[in-house]
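# Coordinate inspection notes
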Amino acid sequence: ADVCTVNIRSYQVCHTVQELYMFTPSLLVSLYSKLGNVNTNLCLSLRILRPFKDYLHSHIPCRRRDVLVLTPWLAPIVWEGTFNRDILNAQYMQKKLVTGVVTFAVTKYVQFIEGFMSSANKYFLAGHQVIFYLFTDNPEQIPHIQMAPENRLFVIPVQNHSRWQDISLSRMDIISRYIRSQFQYEVHYLYSIDIDVQLFEHIGVEIIDALVGTISSWQYTARRESKSYETRTESQAAIPEGEGDFYYTASFYGGSVAEVYKLTRTCFKGVMKDRENGIEARWHDESHLNKYLLYHKPTRLLSPEYYWDEELSRPRIIQVKRMCSVHKNMLRTPGILGSIMWAMLSCHVFLSLDFTII
Amino acid sequence: MISRKVVGSLVCLFVVTAFIWITAGNGKVHYLPYYLPCPEIFSMKLQYTEEKLIQLFPRLFYQQPRVLAPKRRDVLTVTPWLAPIIWEGTFNAEILDSAYRPLNLTVGVTAFAIGKYTRFVGRFLESAEQHFMKGYRVNYYIFTDNPETIPTVQLQPGRRLVTVPIKKYPSWQEISMRRMEAINKHIAETSHGEVDYLFCLDIDMVFYNAWGPETLGDIVAALHPGYFNVPRSQFPYERRSSSAAHIPDGEGDFYYGGAVFGGLVKKVYEFTKTCHMTILTDKANGIMAAWQEESHLNRHFLSHKPSKVLSPEYLWDDRKPKPPEIHLIRFSTVDKDYKEIRD
């Protein structure tokens, strides 16, 4: 009984389907062992299968005690369970916001376009107006993409560079130039996302704020000294010893158009200064981004759920993987294993036990 | 031929009407006074000073924030609409102070000291000088019907006291509800060009600990100390559906206290206007909300959620025993005899 009640309470508290997969084996074992006590088991299992009714109206969905949800400068860190998307959607529907997504697909990265665009169309700010700006050096190679009715796609040709580091660094320059000439008139908020990702869960209006950074999935536990900050003081991206809050990833950041413009301009100026001095930052544009976000602290942080590197094994604190990096030839469909386990559980419950509704 | 039933019912109708007319017609008929909203105030287009946003966080040395080490596990620190709830321990006062100080902000405080409440002004101001927004420019706006009774308190440089004369209403409920109108009018006439942020506080309270820039936000509300740990069914919302402050069962996030609210001057102007309109609507319908303007405030904050919520540390009642969740009481009520003070 103890195992059962612990499972159910946890499910009611965080009712993501992924949690259910983890509890299914222990639940099956406990159900079999309690087969004599049919009625109570059915009551418990029906409560599992019926979704937590009050979720939409419950004002505190699930309190996360295991992770930091508020930075010392009072910027919320967005984890699954800290927010109620319906309340946020209601707040944003009135404002009629247009969001832009900037992404780069040069040379062989064009293979990721289809996967990214189809998943982003489905999961990125679904129901809101999104404009995708796709920068590529090879516009003819882009396949036809079915866009959602409220979204638009602009393909912008861009020059290729021989070194991938140069491509990475020039992104800042391109974004700031296009913001000034075009984006500021078309969108209110702008996000820069790497192309080699796929979305598996909804990313909604919880990301909309003045300046947003995502905590890197590789370094969310690291101490300051072991973070990959640039330490050489000759570089503009150098972060002095004893400073630094989090390590932000350059694969997903954004905010209001004005703030992103300031960010990209400052970072690119830093890059140019470094080039003059003959030095290149340790992690290229990511180091410059981290330097900027140290002294211009983001107003909202996204947890590593919002950009998870596939190579890492998933810890307990990551309840949902919303956006994952994909490696070449490894585009996968989620949830096959999960669906099988779900079907097994349903069969067990409905076929082997009495159907009295409590 | 008219049937007997019809005749009978017509006679009854006539008798009842005559009866009512005789009994009630001779007595005094009470018409509820219906105050029309002031059109010139509500349609004024105000010129606000440009909103000052944080430009830079200066270099500081502080303990690294750790993702797996949340500071306060015992309380909710972020609302479901991602507004921070300010508890002691969730924020670093030094970081925020270093970011807000260069912006040269002016913070306004409104407080109503009417009738016998003027006796609290001295202690309120003295404690505010010690604890409220130290190092920032502050304008105290004390609304009173008796300007001579306001004591002169020694103020720090950059802070000033402005006495605003207002009319005294006969009942304390009326005084309480008219606060919204008075604040709104004052913003339209004076404060919109003078201050960046405005806090509307109760006068019968004292500051015990620091109240700093962590409280600054677009729309700021505080949790009522009596209701922060009870389920929403026990909140004293206005439950009568005929009131404009009505909140049905099953709705409501928190119970906010009417003694502390604030935010950007622009936002305070807008929501005091809305609250005053709903109060007038209720007055026209002859109903008064259960907790006067606090109920109207709660109704407003349900549909227009605050961008920052202050924990009960910022609005405490000293008569309550201190629970373990409250680490530091910053602003609390003064013990008083309600019957004597409210006449």
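Along each chain, residues carry numbers from 1 onward, in the same order as the chain's sequence is written. Lettering of chains starts at A and numbering of ligands starts at 1, both following the order in which they are written. In view of the model being predicted, local features appear only for residues whose pLDDT reaches at least 70, and side-chain atom pairs are presented and counted only at 80 or more, with totals across whole chains, interfaces and linings using the full set of residues. Water and hydrogen atoms play no part in the side-chain values, which are based on all heavy atoms of the structure.

Spelled out, the test is: UniProt positions are given in the numbering used here, feature names are shortened, and annotations may be inferred rather than shown by experiment.
As recorded in an unreviewed UniProt entry, chain B goes by Globoside alpha-1,3-N-acetylgalactosaminyltransferase 1 (FORS blood group) and comes from Otus sunia. The record held by UniProt for chain B lists under Subcellular location (unreviewed entry) the comment "Membrane". Heading Sequence similarities (unreviewed entry) of the UniProt record for chain B holds this comment: "Belongs to the glycosyltransferase 6 family."

For the record of chain A, the UniProt heading Subcellular location (unreviewed entry) holds the text "Membrane".

### Considering the overall build of chain A
Selection rule: Each helix corresponds to a stretch of at least 4 residues labelled H or I by DSSP, and each strand to a stretch of at least 2 residues labelled E; elements are numbered beginning at the N terminus. Under the scheme applied here, a residue whose accessible area is under 20% of the maximum for its type counts as buried, over 50% as exposed, and between as partly exposed, the area being computed with a 1.4 Å probe on protein chains only. For this analysis, residues touch if any pair of their heavy atoms sits within 4.5 Å. Here the accessible surface of atoms and residues is derived via Shrake-Rupley with a 1.4 Å probe, and residues count as covered only by protein chains that are part of the display.
Within chain A, the regular secondary structure consists of nine helices and ten strands. Every one of the 358 residues in chain A was classed for burial, and the buried ones make up 55%. Long-range contacts, defined as pairs at least 24 residues apart, comprise 75% of the intrachain contacts of chain A with a sequence gap of at least 6. Here chain A displays about 16400 Å² of accessible surface, and carbon together with sulfur accounts for 55% of that area.

### Considering unusual backbone geometry
All names here are of chain B. For asparagine 104, which is not a glycine, the phi torsion comes out positive at approximately 55°. One non-glycine residue, glutamine 292, lies in positive phi territory at about 50°. By the element assignment, glutamine 292 lies in the loop between helix 6 (265-284) and helix 7 (293-303). Take glutamine 292: its relative accessible area is 7%, and that puts it in the buried class.

### Here we look at helix 5 (residues 172-189) of chain B
Residue and element names in this part refer to chain B. As a reminder, the rule being used: By definition here, a helix of n residues has an expected span of 1.5 Å times n minus one. One fitted axis covers the seven residues ending at a residue, a second covers the seven starting there, and the bend at that residue is the angle between these axes.
Between the first and last C-alpha of helix 5 there are 25 Å, a value that for 18 residues agrees with the 26 Å anticipated at 1.5 Å per step. For helix 5, the principal kink sits at arginine 178 and spans about 35°. Burial runs high along helix 5: 14 of the 18 residues are buried.

### Some words on helix 4 (residues 121-131) of chain B
Residues and elements named next belong to chain B. For helix 4, the buried fraction is high: eight of the eleven residues fall into the buried class. Along helix 4, the residues that are buried comprise Val121, Gly122, Phe124, Leu125, Ser127, Ala128, Glu129 and His131. Lining the buried residues of helix 4 we find strand 2 (106-113), strand 3 (137-144), strand 4 (159-165), strand 5 (197-201), strand 6 (205-207) and strand 10 (331-333). After helix 4 finishes, the residue methionine 133 shows a positive phi value of roughly 45°.

### Focus: the UniProt feature "active site" (unreviewed entry) in chain B
Residues and elements named next belong to chain B. The feature "active site" (unreviewed entry), as annotated in UniProt, sits at Glu294 in this numbering. Mapping glutamate 294 onto the fold places it in helix 7. Judged by relative accessible area, which is 12%, glutamate 294 ranks as buried.

### Brief notes about the confidence of the model for chain A
Our working rule: pLDDT is a residue-level measure of predictor confidence that goes from 0 to 100.
Mean pLDDT over chain A: 78, with 74% of residues reaching 70 or higher. Note on residues 35-61 of chain A: pLDDT under 50 across the span, and 48 contacts to partners over four residues away in sequence or across chains.

### Comments concerning the UniProt feature "binding site: Mn(2+)" (unreviewed entry) in chain A
Residue and element names in this part refer to chain A. As a reminder, the rule being used: Here a polar contact is taken to be a pair of N or O atoms separated by no more than 3.5 Å, where protein atoms must pair a possible hydrogen donor with a possible acceptor and residues adjacent in sequence count only if both atoms sit in side chains.
In the numbering adopted here, UniProt assigns the feature "binding site: Mn(2+)" (unreviewed entry) to Asp194 and Asp196. One polar contact links aspartate 194 to arginine 171, side chain to side chain, over a distance of 2.7 Å. Residue placement: aspartate 196 occurs in the loop between strand 5 (189-193) and strand 6 (197-199). Among all residues touching aspartate 196, those that are not within four sequence positions of it are Tyr109, Phe112, Cys324, Ser325 and Val326.

### Describing the sheet that holds strand 9 (residues 300-302) of chain A
All names here are of chain A. We apply this condition: By this definition, two strands are paired if DSSP reports at least two bridges between them. A fitted line through C-alpha atoms serves as each axis, taken over the contacting stretch for helices, and the angle formed by two N-to-C directions is quoted from 0 to 180°.
The strand order 1-9-7-8-5-2-3-4 describes an open sheet built from eight strands, whose pairing is mixed. Edge strands, defined here as strands with exactly one partner in the open sheet, are strand 1 (77-78) and strand 4 (152-157). Of the strand pairs in this sheet, strand 7 (residues 211-215) and strand 8 (residues 248-256) are connected by four bridges, and their pairing is antiparallel. The residue bridging valine 212 from the neighbouring strand is glycine 254, located in strand 8. With respect to the sheet, helix 6 (residues 164-186) is in contact with strand 2 (98-105), strand 3 (129-136), strand 4, strand 5 and strand 8, its orientation differing from that of strand 3 by roughly 140°.

### Some thoughts on the UniProt feature "binding site: UDP-N-acetyl-alpha-D-galactosamine" (unreviewed entry) in chain B
All names here are of chain B. This chain's UniProt record puts "binding site: UDP-N-acetyl-alpha-D-galactosamine" (unreviewed entry) on Phe112, Ala113, Ile114, Tyr117, Asp202, Ile203 and Asp204. The largest pairwise C-alpha distance within this set of annotated residues, which runs over 93 residues, is 11.2 Å, so the set is compact in three dimensions. For tyrosine 117, the location among the structural elements is in the loop between strand 2 and helix 4. We classify tyrosine 117 as buried; its relative accessible area is 16%. When you line up the elements, aspartate 202 lands in the loop between strand 5 and strand 6. The exposure class assigned to aspartate 202 is partly exposed, which follows from its relative accessible area of 23%. With residues near it in sequence (within four places) discarded, aspartate 202 still touches Phe124, Arg179, Ala259 and Phe331. Here arginine 179 takes part through its side chain, which lies 2.9 Å from a polar atom of the side chain of aspartate 202.

### Some remarks on the pattern of salt bridges
Residue and element names in this part refer to chain B. Our working definition: Salt bridge, as applied in this entry: a Lys or Arg side-chain nitrogen positioned within 4 Å of an Asp or Glu carboxyl oxygen.
Per the stated rule, a full pass over the model turns up 28 salt bridges over all chains. The partner of arginine 178 in a salt bridge is glutamate 181, with the nearest N and O atoms 2.7 Å apart. With arginine 178 and glutamate 181 both in helix 5, this residue pair falls three residues apart, about one helical turn. By relative accessible area, which is 8% here, arginine 178 ends up buried. Residue class for glutamate 181 comes out buried when judged on its relative accessible area of 17%. For the salt bridge of glutamate 293 with arginine 179, the shortest nitrogen-to-oxygen distance reads 2.5 Å. Here arginine 179 lies in helix 5 and glutamate 293 lies in helix 7, a separation of 114 residues in the sequence. In terms of burial, glutamate 293 and arginine 179 fall into one category: buried. What emerges from the salt-bridge pattern is a single network uniting Glu174, Arg178, Glu181 and Lys283.

### Some thoughts on the interface of chain A and chain B
Heads up, the rule is: By buried area we mean the combined loss of accessible area, with a 1.4 Å probe, across both parts when two parts are placed together. Side-chain classes are defined by residue name, with Ala, Val, Leu, Ile, Met, Phe, Trp, Tyr, Cys and Pro counting as nonpolar, Asp, Glu, Lys and Arg as charged, and the others, Gly among them, as polar.
Every contact between the two is made by 47 residues of chain A and, on the other side, 40 residues of chain B. For the chain A and chain B pair, buried surface summed over both sides reaches about 3700 Å², with 61% attributable to carbon and sulfur atoms. Inspection of the region where chain A meets chain B yields one salt bridge. Linking Arg59(B) and Glu243(A) is a salt bridge whose minimum nitrogen-to-oxygen distance equals 2.6 Å. At the surface where chain A touches chain B, the tally comes to eight residue pairs in polar contact (both at pLDDT 80 or more). Of all the secondary structure elements, the ones that give two or more residues to the side of chain A that touches chain B are helix 4 (85-93) and helix 8 (285-295) of chain A. By residue number, the principal contributor to the side of chain A that touches chain B is helix 4 of chain A, which donates three residues. Within the side of chain A that touches chain B, the residues separate by chemical class into 23 nonpolar, eleven polar and 13 charged.

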